[in-house]
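# Per-entry structural report
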Amino acid sequence: GAVVSQHPSRVICKSGTSVKIECRSLDFQATTMFWYRQFPKQSLMLMATSNEGSKATYEQGVEKDKFLINHASLTLSTLTVTSAHPEDSSFYICSARLGQREPLHFGNGTRLTVT
Amino acid sequence: AQSVTQLDSHVSVSEGTPVLLRCNYSSSYSPSLFWYVQHPNKGLQLLLKYTSAATLVKGINGFEAEFKKSETSFHLTKPSAHMSDAAEYFCVVSPNAGGTSYGKLTFGQGTILTVHP
């Protein structure tokens, strides 16, 4: 149980375009999902907390107008990287948890390359 | 406030020998602690979790970890390494307090495990 599916696994886009990444909880409902970014050879950095039916909570230093998060249902959160630039190239990972004391379950990540 | 320190960025072992990945933490609250494994270009898979029950926690693939409050440690061990264990491992702490701390996991820097034949 507790499977999180993330799509796409890889995407290459041109500078200036927007890319949408989907995160789905397949067998449970997640009122809260989390988006992380991981640079090469580094640990995960929390970008934002996605809340179903309300605005996302962004971590300090993360541009909310650049990284648009929508959590329209209890099983789907999306991250849209708007007007992507090469420095946005990274590995993006979403996660969700069943309860407050439960571990996070992660998607398989999305490798974004902006050319 | 909370923090996690993984004491080794790289660990190299021979197949069949024991594995020890070290993790120390600090937390203002009684924490939950987790170990995750990440294979290249993949998400993170939960190995095991400690949530204030038994201090010796057994996980998947033969891994286990012991929560030692006096040492603020949560080291990951495995008696015998397998080639498939080669990956990056993350020690993670989560506060058990609610409110704004919810979901605010703190990740260690990661330890890359290499297993030699």
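Our subject is the structure listed above.
Okay, so let's go over this structure. As the structure is a computational prediction, the values presented were derived from the model and not from experiment. (Residues numbered from 1 in each chain as written. Chains lettered and ligands numbered in written order. Predicted model: local features only at pLDDT ≥ 70, side-chain atom pairs only at ≥ 80, totals over all residues. Heavy atoms only, no water.)

### Brief notes about the overall build of chain A
Looking only at helices and strands, chain A has 0 helices and 11 strands in total. Starting at the N terminus, the α and β elements of chain A follow one another as β-β-β-β-β-β-β-β-β-β-β. The dimensions of chain A, computed from C-alpha atoms along their principal axes, are 40 × 25 × 20 Å. For chain A, buried positions account for 52% of its 115 residues. When contacts within chain A are restricted to residue pairs at least 6 apart in sequence, long-range pairs at least 24 apart make up 53% of them. Of the roughly 5,600 Å² of accessible surface on chain A, a fraction of 49% belongs to carbon and sulfur atoms. A distance of 5 Å separates the average location of the 12 positive side-chain charges in chain A from that of its 9 negative side-chain charges. (Helix = DSSP H or I, 4+ residues; strand = E, 2+ residues; numbered from the N terminus. Buried < 20%, exposed > 50% of the residue type's maximum accessible area, 1.4 Å probe, protein only. Contact = heavy atoms within 4.5 Å. Areas by Shrake-Rupley, 256 points an atom, 1.4 Å probe, with all protein chains shown as cover. Lys, Arg positive; Asp, Glu negative; His and termini not counted. Charge placed at Lys NZ, Arg CZ, Asp CG, Glu CD.)

### Focus on the state of the cysteines
Per the counting criterion, the structure on display carries 2 disulfides over all chains. The residue that forms a disulfide with A:C23 is A:C94, at a sulfur-sulfur distance of 2.0 Å. Given an S-S torsion of about 80 degrees, the disulfide between A:C23 and A:C94 has right-handed geometry. On the criterion of sequence distance, the pair formed by A:C23 in strand β3 (residues 19–25) and A:C94 in strand β9 (residues 90–96) is long-range, its members being 71 residues apart. Judged by relative accessible area, A:C94 falls into the buried class, the value being 0%. Residue B:C23 pairs covalently with B:C91 via a disulfide, S to S 2.0 Å. (Disulfide = S-S within 2.5 Å.)

### Digging into the side chain of A:Q6
Residue and element names in this part refer to chain A. Structurally, Q6 can be placed in strand β1 (residues 4–7). A distance of 3.0 Å separates the side chain of Q6 from the side chain of T110, its partner in a polar contact. When near neighbours in sequence (up to four residues on either side) are disregarded, Q6 contacts I21, E22, W35, Y92, I93, C94, G107, N108, G109 and T110. (Polar contact = N/O pair within 3.5 Å; in protein donor to acceptor, adjacent residues only side chain to side chain.)

### Topic: the side chain of A:T80
Residue placement: A:T80 occurs in strand β8 (residues 76–81). Note on A:T80: relative accessible area 16%, which makes it buried.

### Examining the environment of B:S26
All names here are of chain B. Position of S26 relative to the elements: it lies in strand β4 (residues 23–27). A C-alpha to C-alpha distance of 8.6 Å links S26 and V93, two positions 67 residues apart in sequence. With residues up to four places along the chain from it excluded, the contact list for S26 reads A1, Q2 and S3.

### Some words on the pattern of salt bridges
One pass over the structure, following the stated rule, counts 5 salt bridges over all chains. A salt bridge links A:R24 to A:E22, with the shortest nitrogen-to-oxygen separation between them at 3.5 Å. Overall, A:E22 belongs to the partly exposed group, its relative accessible area being 25%. Of the charged contacts, one joins B:D8 and B:R22 as a salt bridge, the two residues approaching to 3.0 Å between their closest N and O atoms. (Salt bridge = Lys/Arg side-chain N within 4 Å of Asp/Glu carboxyl O.)

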